[in-house]
Structure formats: C-alpha cells, structure tokens
Amino acid sequence: MPEKTIALYISSLQKGGAERVIANLADYLYSRGYRVVLVTTHKREDEYQVSERICRVISEPAGNQLGKGRIGNFCVRFKKLRRIWKEYRPDVILSFIGKNNLMALMTSFGYGIPVVVSVRSDPKREYGNGLLKFLAKTLFRLAAGVVLQTKESFAFFPKGIRKKAVILKNPINPQFFRERYQGEREKVIVTVGRVDENKNHQMLVDAFAGISAEFPEYKLIIYGDGQKRRELIERVKSLGMEEKILFPGNIENVADAIYKTRVFVLSSNKEGMPNALIEAMVMGLTVISTDCPCGGPKELIDPGVNGLLTKVGDVNEMKENLQYVLNNLQIADLMGEKAKKTCEIYSPSKTLLEWEKYLNLLAFSHR
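Residues numbered from 1 in each chain as written. Predicted model: local features only at pLDDT ≥ 70, side-chain atom pairs only at ≥ 80, totals over all residues. Heavy atoms only, no water.

Caption draft 1: View of the pattern of salt bridges. Tallied over the full model, the rule gives 18 salt bridges. For the salt bridge of Lys-199 with Glu-271, the shortest nitrogen-to-oxygen distance reads 2.5 Å. Placement of Lys-199 in the loop between strand 8 (186–192) and helix 7 (201–211) and of Glu-271 in the loop between strand 11 (261–266) and helix 10 (275–282) is noted, with a sequence separation of 72 residues between them. The two residues Lys-199 and Glu-271 agree in class, both being buried. (Salt bridge = Lys/Arg side-chain N within 4 Å of Asp/Glu carboxyl O. Helix = DSSP H or I, 4+ residues; strand = E, 2+ residues; numbered from the N terminus. Buried < 20%, exposed > 50% of the residue type's maximum accessible area, 1.4 Å probe, protein only.)

Caption draft 2: Spatial organisation of the packing of helix 2 (residues 69–88) against helix 3 (residues 98–107). Contact pair helix 2 / helix 3: the axes reach a minimum separation of 9 Å and the direction vectors enclose 65 degrees. Considered as vectors, helix 2 and helix 3 are oriented roughly perpendicular to each other. Both helix 2 and helix 3 take part in a crossing whose hand is right-handed. Taking contact as the criterion, the partners of Phe-74, Arg-77, Phe-78, Leu-81, Arg-82 and Trp-85 in helix 2 are, on helix 3, Met-103, Ala-104, Met-106 and Thr-107. Of the residues contributing to the contact of helix 2 with helix 3, the split by class is seven nonpolar, one polar and two charged. (Axes fitted to C-alpha atoms, helices over the stretch in contact; angles between N-to-C directions. Parallel < 35°, antiparallel > 145°, perpendicular 65-115°, else oblique. Left-handed = near helix turned anticlockwise from the far one by under 90°. Contact = heavy atoms within 4.5 Å. Nonpolar A, V, L, I, M, F, W, Y, C, P; charged D, E, K, R; others polar.)

Caption draft 3: Broad picture of the pairing of strand 9 (residues 219–223). With four of five residues buried, strand 9 lies mostly within the body of the structure. Pairing of strand 8 with strand 9 involves five bridges; the strand directions are parallel. Considered in strand 9, the bridge of Val-192 is made with Tyr-223. As for the winding sense of the linkage, the β-α-β connection from strand 8 through helix 7 to strand 9 is right-handed. Looking at chain direction, strand 9 and strand 10 (residues 245–249) are connected through three bridges and run parallel. Counted as the bridge partner of Tyr-223 is Gly-249 from strand 10. On the question of chirality, the crossover connecting strand 9 to the parallel strand 10 by way of helix 8 (residues 229–238) is right-handed. (Pairing = 2+ DSSP bridges. Right-handed = clockwise from strand over helix to strand, strands pointing away.)

Caption draft 4: Highlighting the sheet that holds strand 11. Taken in spatial order, the six strands line up as 10-9-8-11-12-13 in an open sheet, and their pairing is parallel. The open sheet has two free edges, formed respectively by strand 10 and strand 13 (308–310), since each of these has just one partner strand. If you compare each strand with its neighbour and ignore which way they point, the axes differ by 25 degrees on average. Against the sheet, helix 7 engages strand 8, strand 9, strand 10, strand 11, strand 12 (286–290) and strand 13, with an angle of about 170 degrees to strand 9.

Caption draft 5: How the structure looks around the sheet that holds strand 4 (residues 92–96). Pairing in this open sheet of seven strands is parallel, and the strands run 3-2-1-4-5-6-7 from one edge to the other. Where the open sheet ends on each side, the last strands, each with one partner, are strand 3 (55–58) and strand 7 (165–167). Taken pair by pair, the neighbouring strands of this sheet meet at an average axis angle of 20 degrees, ignoring direction. Bridge analysis of strand 2 (residues 35–40) against strand 3 gives four bridges, and the strand direction is parallel.

Caption draft 6: Seen up close, the packing of aromatic side chains. Here the structure, examined in full by the defined rule, presents eight aromatic pairs. Seen in terms of ring centroids, Phe-156 and Phe-157 are 4.9 Å apart; in terms of plane orientation they differ by 80 degrees. Their pairing is edge-to-face. One exposure class covers both Phe-156 and Phe-157, and it is buried. One aromatic cluster is present, built from ring pairs that chain together Tyr-127, Phe-140, Phe-156 and Phe-157. We note Lys-137 situated over the ring of Phe-156; from NZ or CZ to the ring centre the distance is 4.9 Å. Note that Arg-178 overlies the ring of Tyr-259, its terminal NZ or CZ placed 4.8 Å from the centroid. (Phe/Tyr/Trp six-rings, centres within 6.5 Å; stacked < 30°, edge-to-face > 60°. Lys NZ or Arg CZ within 6 Å of the ring centre and 35° of its normal.)

Caption draft 7: Here's a closer look at the side chain of Glu-19. Its place among the elements puts Glu-19 in helix 1 (residues 17–31). Residue classification places Glu-19 among the buried residues on the basis of a relative accessible area of 10%. If we skip the residues at most four places from it in the chain, Glu-19 touches Ile-10, Ser-12, Leu-13, Gln-14, Tyr-48 and Arg-194.

Caption draft 8: Examining the nonpolar core more closely. Formed by 32 residues in total, the largest nonpolar core has its most connected members in Val-39, Trp-85, Tyr-127, Phe-140 and Val-146. Among the elements of the structure, strand 1 (5–10), strand 2, helix 2, helix 3, strand 5 (115–118), helix 5 (130–139) and strand 6 (145–148) are those that each provide at least two residues to this core. Non-local contacts of Val-39, meaning those with residues more than four positions away in its chain, are made with Leu-8, Tyr-9, Ile-10, Val-57, Ser-59, Leu-81, Ile-84 and Trp-85. (Core = buried A, V, L, I, M, F, W, Y, C linked by side-chain atoms within 4.5 Å.)

This is the structure in structure tokens:
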C-alpha cells in the first residue's frame, strides 16, 4: 500500500495552543508511518520542535518577490501555496485558524485534494469582520470536513456547514499526565498563555492586586510572552507589586513549573477549547476560568465541583473566586481532584487516534 501524505498548514509553530496541537499531530502522524508535509507561512524563533524527518515547507515568498502592492502580493502568495499543493499532492490537507483555512480551500481548488479546516477559537473572533465572515460561510462549503472546538461554535455557521462539522478533542502533551501532587502546595497563582489583549491578563493582575494584602504570602506568576507583556509589567510596577507578580516569559518545562501551584487562572475574553486550562485540570490543579465564548470553559467546568467560572472582564467576581479558593483549601483540593478526572479523556493516546481516523476517513472517501 503506498505511503499516504498528510499536509498540515498553519502560520507558524510559534508557541500557542493551536501551534502546540498541530506540532503534536505532526509528530504523531509521522510516527504512524505517514509522510507528513508541515506547511507554515513563516519560520519563527521560539517555536515548538518537531521531528527533523518531517518535511517542513515555508509558503511565504522571498522578499524580492513581494513589494507589488497588496493585491499583487496576495497573488504571489496564492500562486506559491498552490504550487506547494501541486508538488506534494497530499491525500488530505488539514488547515488551522482564520485566513489559513480560506487560503487552503482557495489554493487547492481543482486539485481534488480533500481539505479539512479547523477553527481553533470562537468563530466570531477568527472571522470577525464582514468580509471574513462571508468568506468563511461561503468557502467552508468546499471543505471535506470542518473541525470545531465547542458545541456553541456550531451556531455561527449555516446548516450546510454544520452538517459536515465535528468536534475533535485537543491532544494534550503527555508530560501533563501524571499523578496529582499530594504535598503542600506552593503559594502561587499561575496562568499560562500568550500575553495579548484577548487573554486579558490585566483583569487577573487587578484581581490579584485587590486580594494581595489579605493573602500576603501568595504570588502571581504569568508564563508566556506577547505584545502586552511590557505594558503589563509597567502596570505592575505602578502598583508597586514587582515582587508579587512575576513574568518569567516562555519556558520549556511548563508542566514542572505549575505542578505544585495552588490555583490556575484563565482570564480570556474568548477561547475555543483552551489547552492551557485542560493541562492544568489534568494535573489536578484548582482552576478558575472566565465563562468566555465560544463555551469551552463552560463545557469543562461544573462550577463548585471541579472549578469555578467568572464572568468575562469581571474583576470583582474574579477577586471573590480567588478569595473563596484561598480561604477554603480543602474544598479547593477536592475541586482539583475532580478536575483531573474530568480531563483524563484528553489522553493523547485517545485523541490523536481520533484525529488520525477522521483524516483517513476523508482521504479515502474523496478518492
């Protein structure tokens, strides 16, 4: 039987939730004997690493091929990506996020290659303006399959697209699957993620600042980097809390760093099914998350049972939830134990196989 080729397409492997999933998929599919072509628009610093044996292709044209104006540059990028599909002739293309999904569908048109598009966040965020919304609701009809993150996200699409849409669980890195820590926990509140507008770390900083005097032994640690990091550091300085709120940036050993901490917080305005929250839950941390669209945290957390939910942007409610957890450590530990049980279904041995079966099904059905 000839070797099957699966192409994975994303902007880069720079650290983030979607990038982590596609890197995990690439390594898994390669280990299963597929020829994996990993197409990224760019190659960035601080990327997730994949096997050197995986074929990595950069779709962004050389600088001397650009500079032809917006429409001209689009045409150059379009033609290069189309040439990539023609050269490698994958049995199926899996694309991740926003405009990449639209480009994958347009550039592969006429080649007979089934394309699976995956929306990794709230569709209203990924396709926020009128043109992108129109294109998504139109072009997704050409997709062989559509992977969504939550039940709530189906409502964005017309019926014809909903019929071909599925939810596939995120494959979580095996390093997070370990026995729940039973010793005395570090007096640390932690969050992990890109430091940008959507993650709304400012809300968490303000909430923590509001309870810090009541819990002087606790620190807040924000792991990650992004465009808002410098601004947030300056805000912490203005609050005089440089010793209580720390910004280590991106680190390699996230699982080890958060393993013994007391509380994990997700303060996002919008999310799909957030990897960082699942990772914290599967390690048995006590979790607090915003009840953000498109409903991922709400599907994971049963409030008061395996975690707590907070209204988006509500600093006061976040303060109250932090106070409740830190004042009731025995209850917090029970929530952490139940959080771990909730998320054990995200074991990579199960989730990666689901992705493989789905991609195989579409590759064969379109031959």
